[in-house]
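# Structure assessment
If you want the building blocks of each chain, they are given just below.
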Amino acid sequence: MFNIGICVQMVTNHRQEGTPERRALILTWARRAFFGAIAFVLVVWVCVRLVLPIFLTDEVLHEKIEAALYENTGFRLEIAGEAKLIFSPLPGVQLNGVTVLPADRADKRPILQASRVSAMVDIVSTLLGSPSLSKVYLTDAQLRFSSNASGHNNLEPQPPVKPVAADANEPPAADAQQENAAPSAPQQAQDPAYMNNFPVKEIVFTNSSLEVFEDGELTILLQNANGNVRWPGMNERLSLNITTDYRGKTLTVRGGSSEAGKLVQGGLGQLAFTVRSDFLNADFDGIGNLGNPAYLDGNFKLQSEALPDLFEWLGDPVHASVPIRSIEVTSKLKTSGSTLTLDGLQLTVDNVPASGAIEIGLPPGGTPSLAGTLAFETFDIYGFLSTFTPIPVGPGGEGKKVDTAFLRRLKLDLRLSADKASYGPFNLTGMAASARIEDRFASFDIAASRYANSSVTARLTLDERNLPQRTGSLRLDTGKIDLGVVAKALNLEGPLPEAKGNISAELSANLPFWAASASDISGMMEIKTGPGVLQNFDARTFRTKAAREDFFNISDVSDGSMAFQSLNLNAQIKNGLVELTTAETTGQYNNLSLKGIIPYRNQSLALTGTLSSTSDAPDNVYFFAGGAWPDIVITPVSAMVRPAGSKSKTAEDGN
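All values derive from a computational prediction rather than experimental measurement.

Take the nonpolar core next. Core analysis: the largest hydrophobic core is formed by 99 residues, its most contacted members being Phe379 and Phe444. Leave out the neighbours within four places in its chain, and phenylalanine 379 touches Phe384, Leu416, Ala418, Lys420, Ala421, Ser422, Met431 and Phe444. Residues Ile65, Leu85, Val117 and Ala119 belong to the second largest nonpolar core, which totals 23 residues.

Right under this line is the structure:
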């Protein structure tokens, strides 16, 4: 057949001095070549359409496709329905009721099941016995991927080996011969290059599903999947684009590998993917393999704007009430065995940045672990702790039903630092802390921090080692802290000391301390200060009121202050009550002492007190203090014992 391009070039390049007869002859050759090519294509098409079905029956086609799949991969193909040729819109085959079984005959579970498989076929290669399915369409397919602890998976092409008879002089049993009647795999299947001849180059699926099993346990189920996987050959790039439903939400996965052949053989190859959903975006670009556990080494990014919704979607309703709303992770990710390392980690939690390195352990059948170092600009201690024990919300949910299963399900060893940190109303600076969980015991230690011009150390623990007993505790120690700053942070009003002193506290509860309410806490507190002032308390006016009146409000004596040289306070806390065993100030002119209880659940108090003078002439005032803070009502003891209508000598003298 004439080469049309040469003919055209001859016509266009023919010199003008050629004769008209010669030019006409060349044009005639070109027209004949063009129409001859069209005629040849039509003849081939008619022959294929009319003659091919005579030689390639459904039964022959069925056998050839089964043999081709087996010889290339070792996978076994079963076709329950018909296998027939189709010619519209392109030549191909259609298989109904398809099942693909793994090469390992011990594994009876199918790799693939589909109600219909349609494929574009190279007719010539099919006639020659090696069908090339350049594009395959799967409808209503179920794909199953499984891997085991040794790293093997059911997609590994492993052509089966014929069994050896028990007696070398005895032929195999008839049933064994029948079971292994499939053609044996050729030697080329042992060569990695055999995948270049793999007959399927692209798979397009509609309304399909994917099941992923690890050691026999279903870990991932994707449904209503639509998309395609394209892999022209062993040395060609594999790409995938899948949109599916996972737990009722749309999930899109895109990615691929330029070294997919290595991945399929269990080796290491280039790998990149992106995951998109309503609650999660993730990206990876690096190298990896498909072993169990999988190996990854590359750049990783994860982002979620709705972390509670993400936990709910992933089937973790316990942590669906975490106080953290958004999280973003960027790092170098690397796995080693069952350990995953995030180096050069840049972490943002609710728009608060941090950096560091994290190591995550996921041992098979063991307890997951998390270890590393994180440095924050700002750090919410309460938010961090309640992430492990989310507090139920709504009526009756004040920390009473906190799930502490994390003590058994996680090992933790984190070193934390923050320029600024907070716990409720208290704002710390320069915090260095650690968080640990091991064997039903958790601790959060603040080794160093500053608050109110003083050093602060603290230790929060949760201990379940002696179940059913459960103990949460807080140990707090400060340097010479400014009590006025503490009172302001707590929004306290009324007569309060302003001084610098040491605070020590040992408190406990029968649940995580950060999830405990006031009525759950028991323990002791001690405050010792140096010189200071009791604000909103005028001792002279207090004495005058106590001498003249049966009762008065503490606000009536608030226009002044009382200086003191020291303050000593000891309190026992239990069942929502603070018992003041010692609360006294000593001063140059006055001493004040208090005893009694403060039911702080309703901010009430019931105290007895003495305001005494340090002068040689005793001038002591004994009184009761009651009511709700800060509206305290003072009732002098003298008012209870003197006759009605009488007044003390002090009142009569006007002193």
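Moving on from the coordinates now.
With that settled, the discussion passes to the packing of aromatic side chains. Counting across every chain of the model gives 14 aromatic pairs. With centroids separated by 6.0 Å and ring planes inclined at 70 degrees, the aromatic side chains of phenylalanine 279 and tryptophan 313 adopt a geometry described as edge-to-face. Taken together, the positions of phenylalanine 279 in the loop between β10 (269–277) and β11 (281–288) and tryptophan 313 in helix α7 (residues 307–313) put the pair 34 residues apart, joining distant regions of the chain. Residue phenylalanine 279 is classed as buried on the basis of its relative accessible area, which comes to 15%. Assessed through its relative accessible area of 7%, tryptophan 313 is described here as buried. Taking the centre distance of 5.9 Å and the plane angle of 50 degrees together, the rings of phenylalanine 384 and phenylalanine 444 count as tilted. Residue phenylalanine 384 is located in helix α8 (residues 381–388), and its partner phenylalanine 444 is located in strand β19 (residues 441–451); the two are separated by 60 residues in the primary sequence. With a relative accessible area of 2%, phenylalanine 444 lands in the buried category. An aromatic cluster is defined as three or more aromatic residues linked by ring pairs; in this entry it consists of Phe376, Phe379, Phe384, Phe388, Phe406 and Phe444. Above the face of the phenylalanine 213 ring, arginine 144 is positioned so that its terminal group lies 5.2 Å from the ring centre.

Residue position: proline 599 is located in strand β29 (residues 590–599). With relative accessibility at 17%, the residue proline 599 sits in the buried group. Leaving out residues up to four positions away in the same chain, proline 599 has contacts with Gly576, Leu577, Ser604 and Leu605.

Inspection of the entire model under this criterion finds 16 salt bridges. A salt bridge links aspartate 477 to arginine 475, with the shortest nitrogen-to-oxygen separation between them at 2.8 Å. For aspartate 477, a relative accessible area of 23% translates into the label partly exposed. For the salt bridge of arginine 543 with aspartate 619, the shortest nitrogen-to-oxygen distance reads 3.4 Å. Of this pair, arginine 543 sits in helix α11 (residues 539–548) while aspartate 619 sits in the loop between β30 (604–613) and β31 (621–628), and the two are 76 residues apart along the sequence. A residue is classified by how much of its surface remains accessible, and arginine 543, at 15% relative accessible area, is buried. Through salt bridges with shared partners, a single ionic network connects Arg408, Glu464 and Arg470.

Our next topic: the pairing of strand β24 (residues 522–535). Each regular strand shows side chains that alternate between the opposite faces of the sheet. As paired elements, strand β23 (residues 497–509) and β24 share 11 bridges and run antiparallel to each other. Across the sheet, the residue bridging to alanine 505 is methionine 525, located in β24. Alignment of β24 against strand β27 (residues 566–574), held across 7 bridges, turns out to be antiparallel. Among the inter-strand pairings, glycine 523 is bridged to a residue of β27, identified as isoleucine 573. Here β24 runs beside strand β26 (residues 561–564); their pairing, made up of 4 bridges, is antiparallel.

The subject of this paragraph is α11. Note on helix geometry: an α-helix contains 3.6 residues per turn, so any two residues three or four positions apart are oriented the same way. The complete set of buried residues in α11 reads Ala539, Phe542, Arg543, Ala546 and Ala547. Seen from one end, α11 has its buried residues packed into an arc of 130 degrees, which puts them on one side. The backbone nitrogen of arginine 540 has a side-chain oxygen 3.1 Å away, supplied by the residue at the start of α11, namely aspartate 538.

Mapped onto the fold, threonine 585 is located in strand β28 (residues 577–586). Owing to a relative accessible area of 8%, threonine 585 belongs among the buried residues under this scheme. If we ignore the near neighbours within four places in the chain, the residues touching threonine 585 are Met562, Phe564, Ser566, Leu567, Asn591 and Leu592.

Peptide bonds are mostly trans, and most non-glycine residues show a negative phi. Residue proline 630 is bonded to the preceding tryptophan 629 through a cis peptide linkage, with omega at 0 degrees. Among the secondary structure elements, proline 630 is positioned in the loop between β31 and β32 (631–636). In the Ramachandran plot, aspartate 140 falls in the positive-phi region, its phi being about 55 degrees despite a non-glycine side chain. With respect to the helices and strands, aspartate 140 occurs in strand β5 (residues 133–147).

So, how was this worked out
Residue positions within a chain follow its written sequence, with the count starting from 1. Selection of residues for local features in this predicted model requires a pLDDT of at least 70, selection of side-chain atom pairs for listing and counting requires 80 or more, and totals for whole chains, interfaces and linings are taken over all residues. Side-chain numbers here rest on the full set of heavy atoms in the structure, without hydrogens or water. We call a set of buried residues a nonpolar core when its members are Ala, Val, Leu, Ile, Met, Phe, Trp, Tyr or Cys and they connect through side-chain atoms within 4.5 Å of each other. Three labels apply to residues, based on accessible area from a 1.4 Å probe with only protein chains included: buried if under 20% of the type maximum, exposed if over 50%, partly exposed otherwise in between. Two residues qualify as a contact provided that any one of their heavy atoms is within 4.5 Å of a heavy atom in the partner residue. Classification of ring pairs uses Phe, Tyr and Trp, with its six-membered ring standing for Trp, and accepts pairs whose centres are within 6.5 Å; under 30 degrees between planes counts as stacked, over 60 as edge-to-face, and the remaining range as tilted. Numbering of helices and strands runs from the N terminus, with a helix taken as a DSSP run of H or I at least four residues long and a strand as a DSSP run of E at least two residues long. Charge-over-ring placement is defined geometrically: NZ (Lys) or CZ (Arg) within 6 Å of the ring centre, and within 35 degrees of the ring normal. The salt bridge criterion pairs a side-chain nitrogen of Lys or Arg with a carboxyl oxygen of Asp or Glu, the two atoms within 4 Å. Paired strands, as defined in this entry, are two strands with at least two bridges between them according to DSSP. Here the arc refers to the set of directions running from the helix axis out to each C-beta atom. Nitrogen and oxygen atoms within 3.5 Å of one another constitute a polar contact, given that in protein one can donate a hydrogen and the other can accept it, and given that sequence-neighbouring residues count only through two side-chain atoms.

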